[in-house]
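# Descriptive structure summary
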Amino acid sequence: MTLTPPQALDLDSDALRIVQRIAELGSITAAARSLGYSQPAVSQQLKRLEARIGMPVVSRAGRGVRLTEAGRILSRHAVTVANALDAAAGELGELAGLRSGRVRLASFPSASSTIVPTLLRDLSNRHPGLQLSYREAEPPEAVRSVRDQAADIAVTFSYPGDPGDLHRSSATGLAVVPLWRDEMLVVLPAAHPLATGEVVDLAGLAGESWIAGCPRCRAHLLALAEARGYLPRIAHETDNFVAVFGMVAAGLGVALVPTLAVAASALPRGAVARPTSGGDFRTIHLVAEAGSDLIPAVAATIRAITELDETVWSLSGLEHNR
């Protein structure tokens, strides 16, 4: 093959998207499936692309393929090109009254049955032409999905003082917007001596058995207990808040949960929830790729999120975070 002069190169967007998807998925078949093309059609696109640039784009690697140096260069620039094209298409959609567009949302489990249904309903009512999709993911995976362009927007959370907070240095290049304050609650058996108070001092629960949740939630519990001079004895672990509440009601231990968890799953008889005396909380964030708010469908979704009435789920506005 001979290299075509740079000024004569003809790089179409479909070919660039194919190269980008091969880089992500490692095979032509998987790339074709994800883009809704046939495998032969993708192979033909690659052949035409290679003929245009005068260099191979992929090479065989076992049962799959890998990108050549030329392919890696194209893949790196494909992200920028795809964003620019999405922005252009989005602006045209704005002119058409947002009758088209796609938004992919990711968020954590307790938001799945509270924030997300309300948001998707509001967006569907306002912009029925938008294609909306949702996937549940804990914050690290949700942020990664935005960075990898598998999601357009993530609603996540973080705890104060978390040394591994992914909304700081690891979120470089992403836009992170704090949304609401989500108070932490101690869930106790109704017969527990501290259940009659308006708030609960975590120091008074040093001798209790604890029911812990996700790794980051468990780490937050350990940090709060350590600050009060003890290491909590974790007897049971589950990410399922319904199970947590059932275990507490059965007298198997106590738990520390966010208010949103109680909004998502009502407490059973035999369990009560009280705020901590230290006013402990987590912050709920919106995460998106920097500049993605230029895409009207994404901008409309961001507006819909910020316009939600957080008090429906007993969350607090930003002014309470200061």
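Remember, predicted model here, so these are calculated numbers, not experimental data.

## Let's talk about the pattern of salt bridges
Per the stated rule, a full pass over the model turns up ten salt bridges. Here Asp122 and Arg121 are joined by a salt bridge, their closest N and O atoms 3.2 Å apart. Taking the shortest distance from any N to any O, the salt bridge between Glu237 and Arg218 comes out at 3.2 Å. With Glu237 in strand 8 (residues 233–237) and Arg218 in helix 8 (residues 215–227), the pair connects residues that are 19 residues apart, well separated along the chain. Under the relative-accessibility criterion, Glu237 is labelled exposed at 54%.

## Side note on the packing of helix 1 (residues 13–25) against helix 3 (residues 39–53)
The N-to-C vectors of helix 1 and helix 3 enclose an angle of 110 degrees; their axes lie 10 Å apart at closest approach. Put simply, helix 1 runs roughly perpendicular to helix 3. In this structure, helix 1 crosses over helix 3, and the sense of that crossing is left-handed. Between helix 1, through Asp14, Ala15, Ile18, Val19 and Ile22, and helix 3, the contact on the second element is made entirely by Val42, Gln45, Leu46 and Leu49. Of the residues belonging to the contact of helix 1 with helix 3, the class tally is seven nonpolar, one polar and one charged.

## Section: unusual backbone geometry
Of note, the phi angle at Gln149 is positive, near 65 degrees, even though the residue is not glycine. Along the chain, Gln149 falls in the loop between helix 7 (139–147) and strand 5 (153–158).

## Focus: helix 11 (residues 296–306)
With respect to burial, helix 11 is a largely interior element, eight of its eleven residues being buried. Those residues of helix 11 that sit buried are Pro296, Ala297, Val298, Ala299, Ala300, Thr301, Ala304 and Ile305.

## Digging into the environment of Ala212
Along the polypeptide, Ala212 turns up in strand 7 (residues 209–212). Exposure remark for Ala212: the relative accessible area of 3% places this residue in the buried category. Once the C-alpha coordinates of Ala212 and Val254 are considered, the two residues, 42 residues apart in sequence, prove to be 8.8 Å apart. Excluding residues within four positions of it along the chain, Ala212 makes contact with Arg218, Ile234, His236, Glu237 and Thr238.

## Things to note about the environment of Arg99
Note that Arg99 resides in the loop between helix 4 (69–95) and strand 3 (102–107). Sequence separation of Arg99 and Ala111 is twelve residues, and the distance between their C-alpha atoms is 27 Å.

## Quick look at the packing of aromatic side chains
Scanning the model with the defined rule gives three aromatic pairs in all. Consider the rings of Phe108 and Phe157, whose centres lie 5.0 Å apart with planes at 85 degrees: the pair is edge-to-face. Of this pair, Phe108 sits in the loop between strand 3 and helix 5 (109–112) while Phe157 sits in strand 5, placing them 49 residues apart in sequence. Like Phe108, the residue Phe157 is buried in the burial classification. Taking 5.7 Å as the distance between ring centres and 75 degrees as the angle between the ring planes, the aromatic pair formed by Phe157 and Tyr159 counts as edge-to-face. Accessibility expressed as a relative area gives 2% for Phe157, which makes it buried. The exposure class of Tyr159 is buried, given its relative accessible area of 2%. Feature note: the residues Phe108, Phe157 and Tyr159 constitute an aromatic cluster, connected by ring pairs.

## Section: the environment of Ala142
Mapped onto the elements, Ala142 comes out in helix 7. For the pair Ala142 and Gly62, spaced 80 residues apart in sequence, the C-alpha to C-alpha distance is 31 Å. In this structure Ala142 touches Ala106, Ala137, Ala154 and Thr156, once residues within four positions along its chain are discounted.

Thresholds, definitions, all that
- Residues numbered from 1 in each chain as written.
- Predicted model: local features only at pLDDT ≥ 70, side-chain atom pairs only at ≥ 80, totals over all residues.
- Heavy atoms only, no water.
- Salt bridge = Lys/Arg side-chain N within 4 Å of Asp/Glu carboxyl O.
- Helix = DSSP H or I, 4+ residues; strand = E, 2+ residues; numbered from the N terminus.
- Buried < 20%, exposed > 50% of the residue type's maximum accessible area, 1.4 Å probe, protein only.
- Axes fitted to C-alpha atoms, helices over the stretch in contact; angles between N-to-C directions.
- Parallel < 35°, antiparallel > 145°, perpendicular 65-115°, else oblique.
- Left-handed = near helix turned anticlockwise from the far one by under 90°.
- Contact = heavy atoms within 4.5 Å.
- Nonpolar A, V, L, I, M, F, W, Y, C, P; charged D, E, K, R; others polar.
- Phe/Tyr/Trp six-rings, centres within 6.5 Å; stacked < 30°, edge-to-face > 60°.

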